[in-house]
Amino acid sequence: MKRLLIVCLGNICRSPMAEGALRARLEAAGLGSRVQVDSAGLGNWHAGQPPDRRAIKCAAGHGVDISGLRARQITDADYREFDVLLCADADVLYTVRAHAPPEATAHTELLLDWCGLGPNAQIPDPYTLNAAAFEHAWELVDVAAGAIVAAMKQGE
Ligand code: 4NP
């Protein structure tokens, strides 16, 4: 069982979209039971809330229902309970690494490191932007999700 935690700032836009895209692709590939996927935010501003309605709408447009997800803040335990912390952008990755507790075992990397889009490829935060920015974020997280599933299949 591989355990992946996707991390962004608020856990209401990018990481729940990535969680939805990855779950959908894992299920479609028959790998749903082999990989544990969750998401979290650096902040607790939206803890307990569903994803931003623009994110829900965007995901639904791609056939993925993320309305049941609820935001939560990353915890120290996440650094041991997950194998990899997949970060939405360089600022998130920096903060995740800076806050790592001494007992951390998880690898930390950018989600888009999986995509072949070049080093340091990041998912721009759509929170203060428009529907097109959510679509762009979806495209990026879905490419990453496809690449992760392909890597898992190779490792079978
Ligand atoms: P996310 O977007 O990190 O993709 O979930 C954001 C959502 C909320 C905030 C910032 C980014 N916020 O500052 O409340």
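Anyway, here's the lowdown on the structure attached to this text. (Residues numbered from 1 in each chain as written. Predicted model: local features only at pLDDT ≥ 70, side-chain atom pairs only at ≥ 80, totals over all residues. Heavy atoms only, no water.)

1. Remarks on the site of the ligand
- Residues in close proximity to the ligand include Cys8, Leu9, Gly10, Asn11, Ile12, Cys13, Arg14, Trp45, His46, Asp125 and Tyr127, which together make up its full environment.
- Note that an oxygen atom of the ligand is positioned 2.8 Å from one of the side-chain N or O atoms of Arg14.
- Within the contact set of the ligand, an oxygen atom lies 2.8 Å away from a side-chain nitrogen or oxygen of His46.
- Expressed as a share of its isolated accessible area of 350 Å², the protein-covered part of the ligand is 88%.
- The residue inventory of the shell around the ligand, partitioned by class, reads six nonpolar, three polar and two charged. (Near = heavy atom within 4 Å. Polar contact = N/O pair within 3.5 Å; in protein donor to acceptor, adjacent residues only side chain to side chain. Areas by Shrake-Rupley, 256 points an atom, 1.4 Å probe, with all protein chains shown as cover. Nonpolar A, V, L, I, M, F, W, Y, C, P; charged D, E, K, R; others polar.)

2. Considerations on the side chain of Glu19
- The residue Glu19 is located in helix H1 (residues 14-28) in this model.
- Apart from residues lying up to four places away in sequence, Glu19 is in contact with Ile6, Val37, Asp38, Ser39 and Leu69. (Helix = DSSP H or I, 4+ residues; strand = E, 2+ residues; numbered from the N terminus. Contact = heavy atoms within 4.5 Å.)

3. Remarks on the sheet that holds strand S2 (residues 35-41)
- Read from one edge to the other, the open sheet built from four strands follows the order S2-S1-S3-S4, with strand pairing classed as parallel. Across the chains shown, the open sheet's two edge strands, defined by having one partner strand only, are S2 and strand S4 (107-110). On average, each strand axis in the sheet is inclined to that of its neighbour by 25°, with strand direction left out of account. (Pairing = 2+ DSSP bridges. Axes fitted to C-alpha atoms, helices over the stretch in contact; angles between N-to-C directions.)

Take it as geometry only, folks, not as evidence of what the structure does.
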